[in-house]
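What follows is the residue order along each chain.
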Amino acid sequence: MFQTLSFRSAIFPRAALAAVFAFLAAHHSWAANADVTAVLSNSNTTVGQPVQLQIKVTGSASAKPPGEIAVDGLDIRFSGQSQLLEGRNFQFTYSYIYNYTVMPLKAGTFKIPPQRVEAGGSALRTPELTLQVAADSATAQSPRSKSSTSIDPTKIAFVELTLSKTNAYVGEMIPAVVRVGFNVRTPVESLGNGAEITGQGFTAQKMREPRQTIETISGRTYQVFTFKTALSPARSGKIEVGPVQVDAVVRIPRPNSRSQSMPRDLFDMNDPFMDNFFRDPLFAPSTPQEIKIKSEPVLLDVKSLPPGAPADFGGAVGNFSLETVAKPKSAQVGDPFTVTATITGRGNFDRVTAPSFEDEQGWHKYPPSADFKQDDDIGISGTKTFETVLSANERKEKIPAQLFTYFDPAKEQYVTLRAEPIPVRVEGGAAPSAPTAPASQAPTAAAPQAPRAASQQEILHQLTELPAESQSFIPLFARPTFWLAQLIPLLALLGFVGWKIRRAHLNNREARRREALQHEAAALQRSLRREDVSPEEYFSRASRAVQLKTALVRNLDPNAVDADVAASAFKMDEATRTRLRRLFEKSDEARYSGGGNGIRLLPAETRNELLELIDNLRP
Amino acid sequence: MKKRFCLSIVAVALVLAGAVSAADESVFAKANQAYNESRFKEAADGYESLVRAGNWSANLFYDLGNTRFRLGDFGNAILNYERALALDPRHPEADANLRLARDEARALELRKDWIERYAGMATVKQYSIAAAVGFWFALFIAAQLLLSRRRSAGRIAVIAMSLLVSGVSIFAIYTLENGTRGNALAVVTGKEIVARLATADDAKSVLLLPAGSEIKILSDRGDWIYAALPNDQRGWIPASSAERVRL
């Protein structure tokens, strides 16, 4: 029987509803006229007896179901959805059906509130539903069923606590294993807070995620959770460790799901594992149930650490080794060295402190940093690294030895590890002072020394002058003025290049002019040696040759050279100067008088005389 | 008319500049007097007002450093001495007092590599000038060489030397600007600041930095800065606990 509730169908009769649907379909208005209904498969049930909730959206091509439905006392879970296409009078209607499983967790009357459903862009609300939940049907149905709720947890689960040793020293780390097993027929849903070791006088490491295995014990199959941890006794004497308590939720098969015709447990021990195949929890309905299980406690005999511990003993118990390195190998006075001490082994690393330095005189020591890397699951084996920064106040040749003391429970004695001094070179500053104080044996890192009072310092006096202009932190190369200043050499370079080019150009013209003059002078001199030249032409050529030679010597225009200029250029005596004047006169006479005087050829003697005169023109 | 207007503006600007300068000097003198009378807090306020006004000088930062030293604020004392030395790397008083402050605060210094130590023989300003002079000198000689017909091995050698001087100077500038005393230098002003492996207060510690310790800022991320530390490691420290030396 379905209890059907709808905010429309509850009002109108079915025929009217059909008419409305037809009307709506004819007007193609699915989205605007969508409808939602919600039904429970049964409005009366018992604790542990699930019912089905169905939400149906009709008349919309798209729908979005409600999110999580939360009702105190009911466990409501989405179990699937389906779509339905219905045709009527050639009009088709979409329907979306959303199914939920409602598991009552306790008895009472529950109301499932209206749920918001989005359909075709509009929001609809389901009607409120009521579910009556009676007490567990088993309790009401038969005495046997009632007895089934009081299951003995020890028959379906177990807890074991195992310590690696039962005799230990205070502070020693003792590996411990906790095993929690559940019969596979009553699968565990939750382990609550996990396994918790109760007791006083010891500390336990935080347990990590357990390892899960399937084991068969005494013919039964268990799902076993194995937790690992380590205990550290905090006091001497007899210490009771445990019991370990586990609060778990397991699924117990429901007795009423069994057919009455099924064979019963032969021994009627109310033992769910004795049920037949049909009681297998994989197939039969089950009920979650909380159970509490405990282990047996373990007695631990704890001894105190022996007296006479070294001064630098910090409480480390176990077995360790020590290595140290430093970098850099050389530095100036005041520069830092980083000394790395690596302590490796097995024990209570939380009590492993930085090694102390044998002799700290002349050094500044800063608090060390620590880093622990464990090798196992429970943190009792690994490597702890300390980095200490030291700076020397004076010249040094080595970083002092480091000491680390621990108690070895196997040898039952204190062991002091000593790392040899590390050779380094510290330069600058004062020579090392003679040791005056015994080596510090502090087991833990020393805090930085308190600064001395400022008033004791002789700092230099105040400066009372301010520069005329404020200064800038911008480096010179990044300032605009620097790059503007580069324009000066740039302009100078451009000017220099231009000047050089112009000068080269001018030099080139002068050279060509001189070359032409030299060429002309040489040609004239060659022609003067010929005999077939008329006297007018000869004198003209000779005077021109003198002008060219003078122009080359004095860097003048040849046309501007006369006899006196040539004479002074070559520093001639008076006789030669007179001869030169006569040559220029003859040349002018020949040039301006027109024709010759009848003599057609110049006498050889005169020609030689002129040639000699011209050849002797040397600066 | 226009000329007279321009002259008036220039005159007003000069008068205002003179007035501002006189006011700064007055504040500076008052701060000095407060320092001499051991009113260090008042003196520090006076010096810092000048710093905020942008009237920066090596002497001002040096005096502010002294004041912070007297107040026992060694982190800020070292920061201001460093600023004085950033403005004037040859400031003898700042250098001397910086050593004393570091000794008092047990401050850690960044370690210079050998290249930076050698490069530190001159200042960035000197290297900048040397680089420019070397470059232009080489360019002048090269121009002369190209424009003359004579090829001289001596001139080519001079060009090579000039370019070498310029190149070495540029390299030195790069080394100094990106080194421990460069643009990224900062000083821890908070007390006992812990450098951590990650940007979280409970992250693993790398190094405990006393006030005044030097760091080199590598990057900023919100309230944290990632920095190179004096022990050659790197770590995150709160941005509010350190200040850059260069303003």
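This one's a predicted model, so the numbers in the text were calculated from it and none came from an experiment. (Residues numbered from 1 in each chain as written. Chains lettered and ligands numbered in written order. Predicted model: local features only at pLDDT ≥ 70, side-chain atom pairs only at ≥ 80, totals over all residues.)

Caption draft 1: Geometry of the overall build of chain A. The secondary structure content of chain A amounts to nine helices and 34 strands. Out of the 619 residues belonging to chain A, those deemed buried represent 27%. Put simply, 74% of the contacts in chain A that link residues at least 6 apart link residues at least 24 apart. (Helix = DSSP H or I, 4+ residues; strand = E, 2+ residues; numbered from the N terminus. Buried ≥ 20, exposed ≤ 12 C-beta atoms within 10 Å, placed from the backbone. Contact = placed C-beta atoms within 7 Å.)

Caption draft 2: A look at the sheet that holds strand 3 (residues 44-46) of chain A. All names here are of chain A. Spatial ordering of the open sheet is given by 3-11-8, a layout of three strands whose pairing is mixed. The open sheet terminates on both sides in strands that have one partner only, identified here as strand 3 and strand 8 (108-112). Averaged over all pairs of adjacent strands, the angle between their axes in this sheet comes to 30°, without regard to strand direction. With three bridges connecting them, strand 3 and strand 11 (residues 129-134) associate as parallel partners. (Pairing = 2+ DSSP bridges. Axes fitted to C-alpha atoms, helices over the stretch in contact; angles between N-to-C directions.)

Caption draft 3: Structural detail: the packing of helix 7 (residues 124-147) of chain B against helix 8 (residues 153-177) of chain B. Residues and elements named next belong to chain B. Their axes nearest at 8 Å, the elements helix 7 and helix 8 cross at an angle of 155°. It follows from the interaxial angle that helix 7 and helix 8 lie roughly antiparallel. Every pair of crossing elements has a handedness; the one defined by helix 7 and helix 8 is left-handed. The class makeup of the residues in the contact of helix 7 with helix 8 is 18 nonpolar, five polar and two charged. (Parallel < 35°, antiparallel > 145°, perpendicular 65-115°, else oblique. Left-handed = near helix turned anticlockwise from the far one by under 90°. Nonpolar A, V, L, I, M, F, W, Y, C, P; charged D, E, K, R; others polar.)

Caption draft 4: Representation of helix 4 (residues 74-87) of chain B. Between the first and last C-alpha of helix 4 of chain B there are 20 Å, a value that for 14 residues agrees with the 20 Å anticipated at 1.5 Å per step. Counting buried residues in helix 4 of chain B gives 14 out of 14 residues, a clear majority hidden from the surface. (Expected span 1.5 Å × (residues − 1).)

Caption draft 5: Structural detail: the confidence of the model for chain B. Residues and elements named next belong to chain B. Per-residue pLDDT for chain B averages 87, and the proportion of residues at 70 or more is 91%. Averaged over each element, pLDDT in chain B is lowest for helix 1 (residues 2-36) (72) and highest for strand 1 (residues 185-188) (94). Note on the complex model: pTM 0.44, ipTM 0.84. (pLDDT = per-residue confidence, 0-100.)

Caption draft 6: Local environment of the pairing of strand 6 (residues 234-238) of chain B. Residues and elements named next belong to chain B. Taken together, the five bridges between strand 5 (residues 224-228) and strand 6 define a ladder with antiparallel strand orientation. Looking at the pairing, Tyr226 lines up with Trp236 of strand 6. Taken together, strand 5 and the strand that follows it, strand 6, pair antiparallel across an intervening segment of five residues, in which Asp232 is found at a positive phi of about 65°.

Caption draft 7: How the structure looks around the sheet that holds strand 20 (residues 237-241) of chain A. All names here are of chain A. With mixed pairing, the three strands of this open sheet are ordered in space as 13-23-20. A strand with exactly one partner marks an edge of an open sheet, and here the two such strands are strand 13 (167-169) and strand 20. Recorded for the sheet is a direction-independent mean angle of 35° between the axes of neighbouring strands. With three bridges connecting them, strand 13 and strand 23 (residues 298-303) associate as parallel partners. In the strand pairing of strand 23, Asn167 is matched with Asp301.

Caption draft 8: Structural context of the interface of chain A and chain B. On the chain B side, the residues contacting the 39 residues of chain A number 52 residues. Looking at the side of chain A that touches chain B, the elements that each hand over two or more residues are strand 26 (336-347), strand 29 (369-374) and helix 5 (487-528) of chain A. The leading source of residues in the side of chain A that touches chain B is helix 5 of chain A, at seven residues. Looking at the side of chain A that touches chain B residue by residue, the classes come out as 23 nonpolar, eleven polar and five charged.

Caption draft 9: Broad picture of unusual backbone geometry. All names here are of chain A. Put simply, Gly242 and Pro243 share a cis peptide bond, and its omega is 5°. With respect to the element layout, Pro243 can be found in the loop between strand 20 and strand 21 (244-253). Cis geometry marks the peptide bond from Lys327 to Pro328, where omega comes out at 0°. Relative to the helices and strands, Pro328 resides in the loop between strand 24 (313-327) and strand 25 (330-332).

Caption draft 10: Broad picture of the confidence of the model for chain A. Per-residue confidence for chain A gives a mean pLDDT of 77, with 79% of residues at or over 70. Contacts from residues 15-32 of chain A, a stretch scored under 50 in pLDDT, to residues over four places away or in other chains number 23 contacts.

Caption draft 11: Seen up close, the nonpolar core. In terms of nonpolar packing, the biggest core is built from 68 residues, with Ile78(B), Tyr81(B), Ala84(B), Ala101(B), Ala195(B) and Ile237(B) touching the most fellow members. Here this core gets nine residues from one element, more than from any other, and that element is helix 4 of chain B. Judged by nonpolar contacts, the second largest core, of 34 residues, contains Ala176(A), Ile197(A), Ile239(A) and Ala248(A). (Core = buried A, V, L, I, M, F, W, Y, C linked by C-beta atoms within 7 Å.)

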